[in-house]
Amino acid sequence: MRKLLTGVATALALAAAPAVAQDYPERPLMLMVSYGAGGATDFQARIATMTAGNEDALGQPIAIVNKPGAGGRVGWNWLATQAEADGYTLGAYNVPHFIAQSIEGGVEYSIDSFEPIANWGADPAVFVVGADSDFNSMADVVAYAKENPGKLTFSGAGLFVGHHIAALQLEQAAGVKLAYIPNNQGGAGAMKAVIAGDVLGGVNNLSDAFRAAQAGNVKILGVFDLERSSFLPDVPTMIEQGYDIDNASVNFRGIMVPKGTPQEVIDKLAATVPAMFESSRVQSKMEAGGSPMKIMGRDEVIEMWKARQATLEKLLAGL
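On a predicted model such as this, the values are computed, not experimentally measured, just so you know.

A. The arrangement of the environment of Ala173 in detail. Following the sequence through the fold, Ala173 ends up in helix H6 (residues 162-174). When the C-alpha positions of Ala173 and Tyr243 are compared, they lie 5.5 Å apart, and in sequence the two are 70 residues distant. In contact with Ala173, other than residues within four places in its own chain, are Tyr243, Asp244 and Ile245.

B. Structural context of the pattern of salt bridges. In total, this model carries eight salt bridges according to the counting rule given. Among the salt bridges present, the one from Arg211 reaches Asp208, with a minimum N-O distance of 2.6 Å. Of the two residues, Arg211 and Asp208 both sit in helix H8 (residues 206-214), three residues apart, roughly one turn of that helix. For Asp208, a relative accessible area of 8% gives the class buried.

C. Looking closely at the side chain of Asp123. In this fold, Asp123 is placed in strand E4 (residues 114-123). Of note is the side chain of Asp123, whose polar atom sits 2.4 Å from the side chain of Ser207. Filtering out sequence-adjacent residues up to four positions away, Asp123 remains in contact with Ala40, Gln44, Asn205, Leu206, Ser207, Val250, Asn251, Arg253 and Pro292.

D. Empty space enclosed by the protein, seen in detail. Going through the model one piece at a time under the given rule, you end up with two cavities of 30 Å³ or more. Space inside the largest cavity adds up to approximately 100 Å³. Along the walls of the largest cavity sit 17 residues, with Tyr35, Thr41, Ala157, Gly187 and Asn205 positioned nearest its centre. Counting only elements with at least two residues in the lining of the largest cavity, the list comes to helix H2 (40-48), helix H7 (186-196) and strand E10 (251-258). Of all the elements, H7 adds the most residues to the lining of the largest cavity, at three residues. Grouping the constituent residues of the lining of the largest cavity by class yields four nonpolar, 11 polar and two charged. Of the volumes computed, that of the second largest cavity is approximately 40 Å³. Forming the boundary of the second largest cavity are Ser34, Tyr35, Pro68, Gly69, Ala70, Gly71, Gly72, Ala157, Asn183, Asn184, Gln185 and Gly186.

E. The sheet that holds strand E3 (residues 89-95), seen in detail. Read from one edge to the other, the open sheet built from six strands follows the order E2-E1-E3-E10-E4-E11, with strand pairing classed as mixed. The strands lining the two open edges of the sheet, one partner per strand, are strand E2 (62-66) and strand E11 (293-296). This sheet shows a mean twist of 25 degrees between the axes of neighbouring strands, independent of strand direction. Taken together, the two bridges between E4 and E11 define a ladder with antiparallel strand orientation.

F. Layout of the side chain of Ser34. One can find Ser34 in the loop between strand E1 (29-33) and H2. Take Ser34: its relative accessible area is 0%, and that puts it in the buried class. At a separation of 3.4 Å, a polar atom in the side chain of Ser34 contacts the main-chain carbonyl oxygen of Gly72. Within polar-contact distance, the side chain of Ser34 engages the side chain of Trp76 at 3.3 Å. When neighbours within four sequence positions are excluded, Ser34 is seen to be in contact with Lys67, Pro68, Gly69, Gly72, Gly75 and Trp76.

G. A look at the packing of aromatic side chains. In this structure the tally under the stated criterion is 14 aromatic pairs. Their ring planes at 80 degrees and their centres at 5.9 Å tell us that Trp120 and Phe277 sit as a pair that is edge-to-face. Placement of Trp120 in strand E4 and of Phe277 in helix H9 (residues 263-277) is noted, with a sequence separation of 157 residues between them. Classification of Trp120 as buried rests on a relative accessible area of 0%. Plain terms: the ring middles of Phe127 and Phe154 are 5.8 Å apart, the flat faces sit at 35 degrees to each other, and that makes the pair tilted. Of this pair, Phe127 sits in strand E5 (residues 125-130) while Phe154 sits in strand E6 (residues 153-156), and the two are 27 residues apart along the sequence. On the basis of relative accessible area, Phe154 is assigned to the buried category, the value being 1%.

What counts and what doesn't
- Residues numbered from 1 in each chain as written.
- Predicted model: local features only at pLDDT ≥ 70, side-chain atom pairs only at ≥ 80, totals over all residues.
- Heavy atoms only, no water.
- Helix = DSSP H or I, 4+ residues; strand = E, 2+ residues; numbered from the N terminus.
- Contact = heavy atoms within 4.5 Å.
- Salt bridge = Lys/Arg side-chain N within 4 Å of Asp/Glu carboxyl O.
- Buried < 20%, exposed > 50% of the residue type's maximum accessible area, 1.4 Å probe, protein only.
- Polar contact = N/O pair within 3.5 Å; in protein donor to acceptor, adjacent residues only side chain to side chain.
- 1 Å grid on protein atoms, 1.4 Å probe; cavity = no way out; pocket = protein on both sides within 12 Å on 5 of 7 lines; lining within 4 Å.
- Points joined across faces, edges and corners; volume = space filled by probe spheres on them.
- Nonpolar A, V, L, I, M, F, W, Y, C, P; charged D, E, K, R; others polar.
- Pairing = 2+ DSSP bridges.
- Axes fitted to C-alpha atoms, helices over the stretch in contact; angles between N-to-C directions.
- Phe/Tyr/Trp six-rings, centres within 6.5 Å; stacked < 30°, edge-to-face > 60°.

Quick look at the structure:
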């Protein structure tokens, strides 16, 4: 009798599994963003998910919920330890941010805490200064830093985020000591600090900097990537300016879910979300906002996470 009941229960579970995927989602979803409203991640997440409610997408809208703090740690700790793993709670990831933070410790997450779904963008870090700054090149910045050790103040979105990784690489490559000031309001707050003259410069996302430069608020002096960006064809990379800095700080953004989310739900999201990112409406708005896109499916993101983990372990061990 016990074997019969066990067999019936197993059969019912197997029969129910496809139905979960078929019916999902039955209500709106939530996407947690670990940074404040107005910053690059928030700005892009709202665009990336704008077509979710279409019948040829998920058929349900995705609401953005901001949980900023500690360079993303507040939101990702919540997603890893408190969020429901039911497929209705999604999270925006930023790499190298959450991976570097997990390597440094003091957080409750790692790449094993989440399941990636798809990647929408790859946003390089850039060095910015106020529009009226006397600095007009990275050579000017480095010269000042050498003459004034530890006195070149510049802002970023937090500790061990892409901005901080770029700053650490610049210190090492240029042989200088800088005064990095993490902003508790993320990238948006860090950019405001540059514009207001509270700091001498800043490392920020290309997308935020692109919009600020278009408004005449900042100058962009260098890109932390292997090649120039099509959004900033006149701005040289750090390598071009003589600094041996790779693309380890490039900010990959996408969607993930907490570990434990049903596999059939993960599979449905993985099959649907990349097509949302490929929407012409999404791509045109990203283009207008200076937001570089890099669409990757689940398998590619898994490999990217692993590769970045290895790169960051080596990089942080040598700093």
